[in-house]
Amino acid sequence: MDNKKLTLHDKWSKDADSYEKGAKIKTSYPQCESCIHYIKGDALKCKKYTSELKPKGVLFAHTECIYYDSSEPLKVEVYSEKQNRFLGGIFGFCVGDMLGVPVEFSSRQERDADPVKELRAYGTYHQPFGSWSDDSSLMLCLMDALMSDDVLEQLKNNMIAYYKEGLFTPRGQMFDIGNSTRYAIENMERGIPAVECGGSTQQDNGNGSLMRVLPLAYLRDKKKDVEYVQLIEDVSSLTHRHKRSKLACIIYVVFASQLYKGYDKLDALEYALAFAYKYCAKEYKEEFSYYRNIFDKTILEADRTRISSTGYVVDTLEAVLWSFFNTTSYEESVLTAINLGGDTDTIGALVGGLAGLYYGYTAIPDRWNQNVLKKHEIAELCRKYSNVL
């Protein structure tokens, strides 16, 4: 079936169904094996659990262990608030993604009955502890591309390599990709100009471009306003070129850029909305009504029952802002977002990016940072990117 003829609900159902069918292969990568307390050959006990068996959740690799201590720890020396916010944004994003992966597509009723309070594994995709999804993979593809002379060409190449070769994946193999992004990458492979590869109809307004634009927030002071808007639009257009998707990206990126500068939450949002009005009101006139709950800020005080946590870009951005503004710590922000159910990895990642920028890397529970697969490689990519800013 032609993807462009599907409604957003159809796409959501198709994704959920395909992942459910693809989740028959079981994997087994116990968290214990990467912990300094692990005793080789003893699955039941360790250096912490000596006289009693490990808890059931740990034994069956469902939940993180309270004693987990990585055998290959990431040691980060934070020497400034700016660096704290920089690393917080990237790692906050990856951690939020990681926390949301095991419960993606779960309903709100399921999350209310069994709220996520800790790192889990397996679940929707049967991936081991520390796995992050296409959200982080494609965000890292962009961060890498932003260091090249031809950003869009390098981003296109990175996305194809992600799809075909597992570039920027936690274990060298892609396990998650949205249908719209898949079709866009296939367009890239066919030689279609990069900014024309994304869907442009109203049915193409999933969150697949919004989920990867965070690294653009760090470039605010290096770009003139109009140039900045154009770059955000172009980056979105590789997979999603409808104006509704591009407007969401502009709002999110500019908002995140002000958090990176150290602005208060509300001041940062008001700046982003004023920026959008100034530079997008004419071209995006028909789209502003879809974001009225954001522009009038009523979404910030909405009841939880009014928050839709689907993959529709408007729903996603509303859920992200609601979760971020109604919490007071990194941990609370991402868990609140994930326990909305639905598109838990993307919404968790987007909230995690904002909360990481605002509260800083040091506010992210270290047990979660240490569980992120490829954490050393991500930290090195961060170092390279920060050096060119």
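None of the values given here were measured: they were computed from a predicted structure.

Notes on the overall build of the chain
In terms of helices and strands, the chain carries 16 helices and zero strands. Here the chain has a C-alpha radius of gyration of 20 Å; the compact-globule value for 389 residues is 21 Å, and the two agree. Taking the principal axes of the C-alpha coordinates as reference, the chain spans close to 70 × 50 × 45 Å.

Side note on a nonpolar patch on the surface
A cluster of nonpolar residues, Leu44, Leu53, Leu59 and Phe60, forms a patch on the protein surface that exposes about 370 Å² of accessible area. Within the secondary structure, Leu44 is located in the loop between α1 (8-22) and α2 (56-59).

So, the pattern of salt bridges
If you walk through the whole model with that rule in mind, you get 13 salt bridges. Here Glu64 and Arg367 are joined by a salt bridge, their closest N and O atoms 3.4 Å apart. Here Glu64 is found in the loop between α2 and α3 (81-100), whereas its partner Arg367 is found in helix α15 (residues 366-369), with 303 residues between them in sequence. For Arg367, a relative accessible area of 32% puts it in the partly exposed group. Two residues, Lys156 and Glu153, come together in a salt bridge whose shortest N-O distance is 3.2 Å. Here the residue Lys156 and the residue Glu153 both occupy positions in helix α6 (residues 151-165), the gap between them amounting to three residues, near one helical turn. The class of Glu153 is partly exposed, set by a relative accessible area of 35%. Salt bridges linked by common partners bring Arg111, Asp114, Glu118 and Arg120 together as one network.

Some remarks on the nonpolar core
Inside soluble globular proteins, nonpolar side chains tend to come together where they are buried. The biggest cluster of nonpolar side chains holds 113 residues, and the ones touching the most others in it are Leu216 and Phe255. Counting residues per element, this core draws most heavily on helix α9 (residues 243-260), which supplies twelve residues. Every residue in contact with Phe255, bar those within four places of it in the chain, is listed here: Lys265, Ala268, Leu269, Ala272, Leu321, Phe324, Phe325 and Leu354. Counting seven residues, the second largest nonpolar core, distinct from the first, contains Cys46, Tyr49, Val58 and Tyr68.

Some words on the packing of aromatic side chains
Per the stated rule, a full pass over the model turns up 18 aromatic pairs. Ring geometry for Tyr263 against Tyr271: centres 6.4 Å apart, planes inclined by 70 degrees, an arrangement best described as edge-to-face. Accessibility expressed as a relative area gives 29% for Tyr271, which makes it partly exposed. Each residue in the set Phe255, Phe324, Phe325, Tyr358 and Tyr359 is aromatic and connected to the rest through ring pairs, giving one cluster. In this structure, Lys265 packs its charged tip against the face of Phe324, placed 4.4 Å from the ring centre.

Describing the layout of surface pockets
Here the largest pocket is characterised by a volume of approximately 490 Å³. Considering the residues around the largest pocket, the lining is formed by 24 residues, among which Tyr79, Gln83, Phe86, Tyr260 and Ser386 are closest to the centre. Contributing elements (two or more residues each) for the lining of the largest pocket: α3, α9 and α16 (375-388). Residue composition of the lining of the largest pocket, grouped by class: twelve nonpolar, five polar and seven charged.

Parameters and conventions
Residues numbered from 1 in each chain as written. Predicted model: local features only at pLDDT ≥ 70, side-chain atom pairs only at ≥ 80, totals over all residues. Heavy atoms only, no water. Helix = DSSP H or I, 4+ residues; strand = E, 2+ residues; numbered from the N terminus. Rg over C-alpha atoms; globule rule 2.2 N^0.38 Å. Patch = residues over 30% accessible without salt bridge, like charges linked within 9 Å, V, L, I, M, F, W, Y side chains within 5 Å. Areas by Shrake-Rupley, 256 points an atom, 1.4 Å probe, with all protein chains shown as cover. Salt bridge = Lys/Arg side-chain N within 4 Å of Asp/Glu carboxyl O. Buried < 20%, exposed > 50% of the residue type's maximum accessible area, 1.4 Å probe, protein only. Core = buried A, V, L, I, M, F, W, Y, C linked by side-chain atoms within 4.5 Å. Contact = heavy atoms within 4.5 Å. Phe/Tyr/Trp six-rings, centres within 6.5 Å; stacked < 30°, edge-to-face > 60°. Lys NZ or Arg CZ within 6 Å of the ring centre and 35° of its normal. 1 Å grid on protein atoms, 1.4 Å probe; cavity = no way out; pocket = protein on both sides within 12 Å on 5 of 7 lines; lining within 4 Å. Points joined across faces, edges and corners; volume = space filled by probe spheres on them. Nonpolar A, V, L, I, M, F, W, Y, C, P; charged D, E, K, R; others polar.

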